[in-house]
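Here's the letter readout for the chains.
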Amino acid sequence: MRNYENLVIVKPTLTAEEIQASIKAIEEIITSNGGEIAATSPMGMRKLAYPIEKNERGYYHVIYSSIAPSAISEIERRFRINEDLLRFVTIKYDTNREKVAFNNMVEKAKKLAEEPKDQTPVTETPVAEAPTQTPTVETEDPVATETASE
Amino acid sequence: MAEKRKYKKRYCKYCEAKVDFIDYKDAKALRFSLSERYKIMPRRLTGNCKRHQDMISVVIKRARAAALVPYTVTRKAVVTAPFENLR
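Engineer: I'd like a rundown of the environment of tyrosine 24 of chain B, residues and numbers included.
Structural biologist: Structurally, tyrosine 24 of chain B can be placed in the loop between α2 (13-16) and α3 (43-46). C-alpha of tyrosine 24 of chain B to C-alpha of tyrosine 38 of chain B: the two residues are 14 residues apart in sequence and 15 Å apart in space. Of the polar contacts made by the side chain of tyrosine 24 of chain B, one reaches the side chain of glutamate 5 of chain A; its length is 2.8 Å.

Take a look at the structure:
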């Protein structure tokens, strides 16, 4: 078993639920081929540096896992068939230095996944709602400080 | 010429920071070794050591494949948005 990192770009034309469903399907492809997912980190909707299949944006998702080297070709073949994916990048972490970096990144991703778990359902809702929610948080904080001072 | 002056002091910034591994997903960190047109800057201008230059060139090529950093920039893109997506 070797450490691999799969970066996957999902089509932006899908709805948020469809994106989550396709990511689950992608993770299933890895697990069904004998891979063990160590951590996942969603990078979210980003602007692409160059258009891919006439799409300007894409949903980035990173999966850290340990997979048998022989299973990689099968996983990549399945990725190529999947039409929801714009692009995938598979990277091997083999040398000692890379393994240390891999473990650090896995821990970071795990921490990030644990901390904002309450916020993840918020981010799944449309992006337009996110700015409206942040001011409410800001208004709450001064109230709390005022009550504390009184 | 301005670029040459910018890199007058010649020492490897990555050695100074003791960088062992560069993550290709962190596109901001790659900016130092990219020109305005997103070309990989040569060692003679950045002062990077051979070891770190090799690491950076691999990492930048990975980031290009993942559409985090563009392969080429046309004249229009240079004028309108230099390093816009990396900020």
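Additional details are given in the paragraphs that follow.
Engineer: Explain the pattern of salt bridges to me, and be specific about the residues and the numbers.
Structural biologist: All names here are of chain B. Overall, the coordinates contain 9 salt bridges over all chains when judged by the stated rule. Notably, a salt bridge pairs arginine 51 with aspartate 20, separated by 3.6 Å at the nearest N-O pair. Of this pair, arginine 51 sits in helix α4 (residues 50-65) while aspartate 20 sits in the loop between α2 and α3, and the two are 31 residues apart along the sequence. Of the charged contacts, one joins aspartate 54 and lysine 50 as a salt bridge, the two residues approaching to 3.0 Å between their closest N and O atoms. Here lysine 50 and aspartate 54 lie together in helix α4, a separation of 4 residues that amounts to about one turn. What makes aspartate 54 partly exposed here is its relative accessible area of 37%.

Engineer: I'd like a description of helix α3 (residues 96-114) of chain A, backed by residues and values.
Structural biologist: All names here are of chain A. With 19 residues, α3 ought to run about 27 Å at 1.5 Å a step, and its terminal C-alpha atoms sit 27 Å apart, in line with that. Of the residues making up α3, those classed as buried are Ala101, Phe102, Met105, Val106 and Ala109. Taken end-on, α3 shows its buried residues confined to a sector of 140°, consistent with a single buried face. When the buried face of α3 is taken as reference, the exposed residues oriented beyond 90 degrees from it are Asn96, Glu107, Lys108, Lys111 and Glu114. Tucked inside the fold, the buried residues of α3 contact β1 (2-10), β2 (36-52), β3 (55-67) and β4 (85-93).

Cut-offs and rules
Residues numbered from 1 in each chain as written. Chains lettered and ligands numbered in written order. Predicted model: local features only at pLDDT ≥ 70, side-chain atom pairs only at ≥ 80, totals over all residues. Heavy atoms only, no water. Helix = DSSP H or I, 4+ residues; strand = E, 2+ residues; numbered from the N terminus. Polar contact = N/O pair within 3.5 Å; in protein donor to acceptor, adjacent residues only side chain to side chain. Salt bridge = Lys/Arg side-chain N within 4 Å of Asp/Glu carboxyl O. Buried < 20%, exposed > 50% of the residue type's maximum accessible area, 1.4 Å probe, protein only. Expected span 1.5 Å × (residues − 1). Arc of directions from axis to C-beta. Contact = heavy atoms within 4.5 Å.

That's the geometry; what it means functionally is another story.
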